Amino acid sequence: MVFNVKKNVRFSHCDPAGIVFYPRYAELCNEVIEDWFRDALGVTFLTLQEEMRLTIPAVRLEIEFLVPSTYGDLLEFSLRVVEIGNSSVQLEIIAWHGEEQRVRIRLKSVMVSLDDLKPLRIDDDWRARLAPYMD
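So, a few notes on the structure that sits alongside this text. (Residues numbered from 1 in each chain as written. Predicted model: local features only at pLDDT ≥ 70, side-chain atom pairs only at ≥ 80, totals over all residues. Heavy atoms only, no water.)

Our focus in this paragraph is the overall build of the protein. A count of helical and extended segments in the protein gives 3 helices and 7 strands. When the helices and strands of the protein are read in sequence order from the N terminus, they spell out β-α-α-β-β-β-β-β-β-α. For 135 residues, the compact-globule estimate of 2.2 N^0.38 gives 14 Å, and the C-alpha radius of gyration of the protein, at 15 Å, lies within 12% of that figure. By its C-alpha atoms, the protein is 45 × 30 × 25 Å across when sized along the principal axes. (Helix = DSSP H or I, 4+ residues; strand = E, 2+ residues; numbered from the N terminus. Rg over C-alpha atoms; globule rule 2.2 N^0.38 Å.)

What follows is the structure, given as structure tokens:
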């Protein structure tokens, strides 16, 4: 299964050349993950952090810029799980404009306790939530 969410390219995302400024894709990537947690996994980031005392910081981020996106474009982001490790999850996020891939993102995040900032084993409950989004 793949999680999809649409995002409008806003003026604030663009540089003076009128294209999406490259660090904005990292911010959009984080928005997509936050939407995925809320809409697909059933846990808001507020609940994750404030009640569960967990967070999922990125430890590796690769972004491949394929075609520029401009102000006013509607991008559809697709997210899938590539791998679930002991305490980490690898994701692939692709930004599409129609049939055209604009950006490919590979992200590795680690499940971390907010109490001591140490990695935690991804338990069976989390594995059951994540697994449907694997190939």
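So, about helix α1 (residues 22–39). Across its 18 residues, α1 extends 26 Å between first and last C-alpha, which sits within 8% of the 26 Å expected from 1.5 Å per residue. Burial in α1 covers these residues: Tyr25, Leu28, Cys29, Val32, Ile33, Asp35, Trp36 and Phe37. (Expected span 1.5 Å × (residues − 1). Buried < 20%, exposed > 50% of the residue type's maximum accessible area, 1.4 Å probe, protein only.)

By the definition in use, this model includes 7 aromatic pairs. When the centroid spacing of 5.4 Å and the interplanar angle of 80° are considered together, the rings of Phe37 and Phe45 count as edge-to-face. We classify Phe45 as buried; its relative accessible area is 11%. Plain terms: the ring middles of Phe37 and Trp126 are 5.7 Å apart, the flat faces sit at 45° to each other, and that makes the pair tilted. Separated by 89 residues along the polypeptide, Phe37 in helix α1 and Trp126 in helix α3 (residues 124–130) bring together distant segments of the chain. On the basis of relative accessible area, Phe37 is assigned to the buried category, the value being 4%. Ring pairs connect the aromatic residues Trp36, Phe37, Phe45, Trp126 and Tyr133, which therefore count as one cluster. The ring centre of Trp126 lies 5.0 Å from the NZ or CZ of Arg129, which sits over that ring. (Phe/Tyr/Trp six-rings, centres within 6.5 Å; stacked < 30°, edge-to-face > 60°. Lys NZ or Arg CZ within 6 Å of the ring centre and 35° of its normal.)

In a soluble, globular protein the nonpolar side chains are often hidden away together inside. Counting 35 residues, the largest nonpolar core has Ile33, Trp36, Phe37 and Trp126 as the members making the most contacts within it. Mapped by element, the contributors of at least two residues to this core are β1 (3–8), α1, α2 (45–51), β4 (74–84), β5 (88–97), β6 (100–110) and α3. Among the elements that make up this core, the one with the highest residue count is α1 (7 residues). The residues touching Phe37, leaving out its near neighbours within four places in the chain, are Gly42, Val43, Phe45, Leu48, Ile56 and Trp126. (Core = buried A, V, L, I, M, F, W, Y, C linked by side-chain atoms within 4.5 Å. Contact = heavy atoms within 4.5 Å.)

What follows covers the pairing of β5. Burial runs high along β5: 7 of the 10 residues are buried. Alignment of β4 against β5, held across 8 bridges, turns out to be antiparallel. Within β5, the residue paired with Phe77 across the bridge is Ala95. Here β4 folds back onto β5, and the loop between the two strands holds 3 residues. Note: β5 against β6, 10 bridges, orientation antiparallel. Across the sheet, residue Leu91 finds its bridge partner in β6, namely Leu107. In this structure, the hairpin formed by β5 and β6 is closed by a connection of 2 residues, where Gly98 is found at a positive phi of approximately 65°. (Pairing = 2+ DSSP bridges.)

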